[in-house]
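# Structural overview for review
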Amino acid sequence: MYNPFSLHGKTILITGASSGIGRGIAIECSKMGAKVVITGRDINRLNETYLALNGIDHLQIVADLSKDEDLNSIVEQCPQLDGCVNNAGIPKLITVKFIKRESLSEIIGINTIAPILLTSSLVKKKKLNKSSSIVFISSISGICISTLGESTYSASKGAINGFVKGAAIDLASQKIRVNSINPGLIKTNILELSGEMFSAEQIQDKLELYPLKRMGQPEDVAFGVIYLLSDASSWVTGTNIVIDGGFTLL
Amino acid sequence: MELNKFVTLFSEQFDNTSSDQFSPDTAFRALDEWGSLTALSIIAMVDEEMEVRITGADIRSCETIEDLFKLAQTK
């Protein structure tokens, strides 16, 4: 059957696959025929994702990307790849006057430095095949908008936006494409985490600002990722795809 | 930490409300300046000064500054 979005024959590395958006991406990519290599910090939750994958021949690697030895170990264990989805990330709500070097280093370390170093290492060790696709799961925060208490999170994602453009130029000679997906509010545990800060009513109020009147699902992001990983997007590089239910229109 | 010190730190998170408006029995959520920004600042202040993590739900469960002080002490 004609399907330019197929991932058959492709091997894709997905970070932060033990929950939320990363889990959704891993499962949908496996359904599209990809062999996936999933990483995450929590062995049990990563295995839950692994068991939910479609088909066989997938790999799981427990690793903490903020540790150099774990990052190197992922690169060493990885088979040759046709794609990499840099998804692992953390949220942080903190107002400007309370920013400290420690918390700033943590969020920039996980959201910005780790995915950049992983990308660099995969390229250096020649783990990415010609015509590979690298996808960053960024955010609308820091690129299109920001919100109260999100300045450091926005900074961490805004930096990724710059990296995507520069890396797309650097890697074009190898026909490796680099793009990002910029999701709005997605229903995941991260949101439940920030639910400690916000009441259900406040989240409901936020939904009113989304023209399509619902929160995003991990699959909404995954389908955008599949497009960027597939040969359908072979002339697309250095771009951001906003997936936000229309939020940034208002 | 003393209650009075807590009230002072609490008041310092507000930029447009004079400090004489704050006492242990102030119903802080009724203050004009109360909102998401001040709530986030209170959470960060309690974390920094008392090394205690309180949540938005904790804040919503309190009426007065003293209520919040007592709640933070039990954590």
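Cut-offs applied
Residues numbered from 1 in each chain as written. Chains lettered and ligands numbered in written order. Predicted model: local features only at pLDDT ≥ 70, side-chain atom pairs only at ≥ 80, totals over all residues. Helix = DSSP H or I, 4+ residues; strand = E, 2+ residues; numbered from the N terminus. Buried ≥ 20, exposed ≤ 12 C-beta atoms within 10 Å, placed from the backbone. Contact = placed C-beta atoms within 7 Å. Core = buried A, V, L, I, M, F, W, Y, C linked by C-beta atoms within 7 Å. Axes fitted to C-alpha atoms, helices over the stretch in contact; angles between N-to-C directions. Left-handed = near helix turned anticlockwise from the far one by under 90°. Nonpolar A, V, L, I, M, F, W, Y, C, P; charged D, E, K, R; others polar. Arc of directions from axis to C-beta. Pairing = 2+ DSSP bridges. Right-handed = clockwise from strand over helix to strand, strands pointing away.

## A word on the overall build of chain A
Across its full length, chain A carries 8 helices and 7 strands. Overall, chain A is about 45 × 45 × 40 Å in size when its C-alpha atoms are taken along their principal axes. Here chain A holds 250 residues, and 43% of them are scored as buried. In chain A, the share of contacts with a sequence separation of at least 24, taken over all contacts with a separation of at least 6, comes to 72%.

## Topic: the nonpolar core
Core analysis: the largest hydrophobic core is formed by 47 residues, its most contacted members being Ile12, Ile14, Cys29 and Val225 of chain A. It is helix α8 (residues 218-229) of chain A that contributes the most residues to this core, 6 residues altogether. By size, the runner-up hydrophobic cluster in this structure holds 19 residues, among which are Ile42, Met45, Ile65 and Leu68 of chain B.

## Comments concerning the packing of helix α3 (residues 68-77) of chain A against helix α4 (residues 101-124) of chain A
All names here are of chain A. It is the contact of α3 with α4, at a shortest axis distance of 10 Å, that shows an interaxial angle of 35°. By crossing handedness, the relation of α3 to α4 is classed as right-handed. Between α3 and α4, the residues in contact are Leu71, Asn72 and Val75 and Ala114, Leu117, Leu118, Ser121 and Leu122, respectively. Here the residues of the contact of α3 with α4 sort into 6 nonpolar, 2 polar and no charged.

## Topic: the interface of chain A and chain B
Facing 10 residues of chain A, the contacting portion of chain B comprises 10 residues. Classifying every residue of the side of chain A that touches chain B by side-chain character gives 6 nonpolar, 3 polar and 1 charged.

## Examining helix α4 (residues 65-74) of chain B
All names here are of chain B. Looking at α4, one finds that the buried residues are Ile65, Leu68, Phe69 and Ala72. Projected down its long axis, α4 carries its buried residues within an arc of 105°, all on one side. For α4, the secondary structure elements touched by its buried residues are α1 (3-12), α2 (36-50) and α3 (56-60).

## Examining the pairing of strand β5 (residues 128-137) of chain A
All names here are of chain A. A large share of β5 lies buried, amounting to 7 of its 10 residues. Both strand β4 (residues 81-86) and β5 contribute to a ladder of 5 bridges, which runs parallel. Of the residues in β5, the one forming a bridge with Val85 is Val135. Viewed along the sheet, the connection from β4 through α4 into β5 turns out right-handed.

Function cannot be inferred from these measures alone, as they are strictly geometric.
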